[in-house]
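# Architecture at a glance
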Amino acid sequence: MVGLVLVSHSEKVARGTAEMVVQMAGEVEAIPVGGDPEGGLGTNPDGIRAALQSARSEELLVFMDIGSAILAAESVVEGLPESLRSRVRLVDAPFVEGAFAAGVLASTGAGVEECVAAAVEARTEPKLHDA
């Protein structure tokens, strides 16, 4: 099964996105990692590492919001043992919409490639349609 790790500068954004994905998608592992170690805005490489190490899913997709969240996630993944690093994929997709799309497919048992494709496609889906 595919699981999600949601890395945001905000603990509330990470937690809220994880809650939304689980509530709307159903059976999917969505682990939020938000804010800096002191509880403020920022990133937490140790939190990212802990989330990846504690995840139960066979494959892990990491969604990042902006800037240093991306750098922190890249750095953490590079430093993981190969046995874990081979299960982790950083996803270049919108944070909320991408995580939602991937989570819905993951909950159906879809594979990692399908989940990534859905997340990336979320970038091009219009929110408003012309009348």
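Everything below is about the structure printed above this text.
So, a few notes on the structure that sits alongside this text. Residue positions within a chain follow its written sequence, with the count starting from 1. Selection of residues for local features in this predicted model requires a pLDDT of at least 70, selection of side-chain atom pairs for listing and counting requires 80 or more, and totals for whole chains, interfaces and linings are taken over all residues. Heavy atoms from the whole structure form the basis of all side-chain values; hydrogens and water molecules are not counted.

A word on the overall build of the protein. A helix here means a DSSP run of H or I that spans at least four residues, while a strand means a run of E at least two residues long, and both kinds are numbered starting from the N terminus. In terms of helices and strands, the protein carries six helices and four strands. Listed by position from the N terminus, the elements making up the protein come as β-α-β-α-β-α-α-β-α-α. Here the radius of gyration uses the C-alpha set of atoms, whereas the globule reference equals 2.2 Å times the residue count to the power 0.38. Against the compact-globule benchmark of 14 Å for 131 residues, the protein has a radius of gyration of 14 Å, which places it among compact chains. Looking at the protein as a whole, 45% of its 131 residues are labelled buried. A sequence separation of at least 24 residues applies to 76% of the contacts in the protein between residues at least 6 apart. Carbon and sulfur atoms provide 54% of the accessible area of the protein, an area that totals close to 7,000 Å². Think of it this way: Lys and Arg go in the positive column, Asp and Glu in the negative one, and His and the chain ends go nowhere. Working definition for charges: the position is that of NZ of Lys, CZ of Arg, CG of Asp or CD of Glu. Within the protein, one finds 9 positive and 20 negative side-chain charges whose respective centroids are separated by 3 Å. Three labels apply to residues, based on accessible area from a 1.4 Å probe with only protein chains included: buried if under 20% of the type maximum, exposed if over 50%, partly exposed otherwise in between. In this description, contact between two residues means that some pair of their heavy atoms is separated by no more than 4.5 Å. Surface accessibility follows the Shrake-Rupley procedure with a 1.4 Å probe radius. Residue values consider only the protein chains on display as shielding.

To continue, consider the pairing of strand E2 (residues 30-34). Across five bridges, the pairing between strand E1 (residues 2-8) and E2 is parallel. Among the inter-strand pairings, valine 7 is bridged to a residue of E2, identified as valine 33. Call a crossover right-handed when, viewed with both strands pointing away from you, the route from the first strand across the helix to the second goes clockwise. Traced from E1 through helix H1 (residues 11-25) to E2, the parallel crossover comes out right-handed. The pairing criterion for strands is at least two bridges between them, as found by DSSP.

To continue, consider the sheet that holds strand E4 (residues 88-91). Across a sheet, strands are paired by hydrogen bonds formed along the backbone, either parallel or antiparallel in direction. Across the sheet, four strands lie side by side as E2-E1-E3-E4; this open sheet has parallel pairing. The outermost strands of the open sheet, each flanked by one partner alone, are E2 and E4. On average, adjacent strands in this sheet sit at an angle of 20° to one another, irrespective of strand direction. Of the strand pairs in this sheet, E1 and strand E3 (residues 59-64) are connected by six bridges, and their pairing is parallel. Bridging from a neighbouring strand, valine 7 pairs with methionine 64 of E3. Comment: axis = line fitted to C-alpha atoms, over the contacting stretch for helices; angle = value between 0 and 180 degrees taken between N-to-C directions.

Tracing the sequence through the fold places valine 13 in helix H1. Overall, the relative accessible area of 37% leaves valine 13 in the partly exposed class. Residues valine 13 and proline 32, spaced 19 residues apart in sequence, show a C-alpha to C-alpha distance of 8.6 Å. Leaving out residues up to four positions away in the same chain, valine 13 has contacts with Ser8 and Phe95.

Relative to the assigned elements, glutamate 29 resides in the loop between H1 and E2. Contacts of glutamate 29, omitting those with residues within four sequence positions, involve Gly3, Leu4, Ser54, Ala55, Arg56 and Ser57.

Whenever Lys or Arg places a side-chain nitrogen within 4 Å of a carboxyl oxygen from Asp or Glu, that contact is recorded as a salt bridge. One pass over the structure, following the stated rule, counts eight salt bridges. The shortest N-O distance in the salt bridge between glutamate 113 and arginine 89 comes to 2.7 Å. On the criterion of sequence distance, the pair formed by glutamate 113 in helix H6 (residues 112-121) and arginine 89 in strand E4 is long-range, its members being 24 residues apart. For glutamate 97, the salt bridge is made with lysine 127, and the minimal N-O distance between the two is 2.6 Å. With glutamate 97 in helix H5 (residues 95-107) and lysine 127 in the segment after H6, this pair connects stretches of sequence that are 30 residues apart. Looking at glutamate 97, the relative accessible area reads 31%, which means it is partly exposed. Overlapping salt bridges bring together Glu11, Arg15 and Glu19 as one network.

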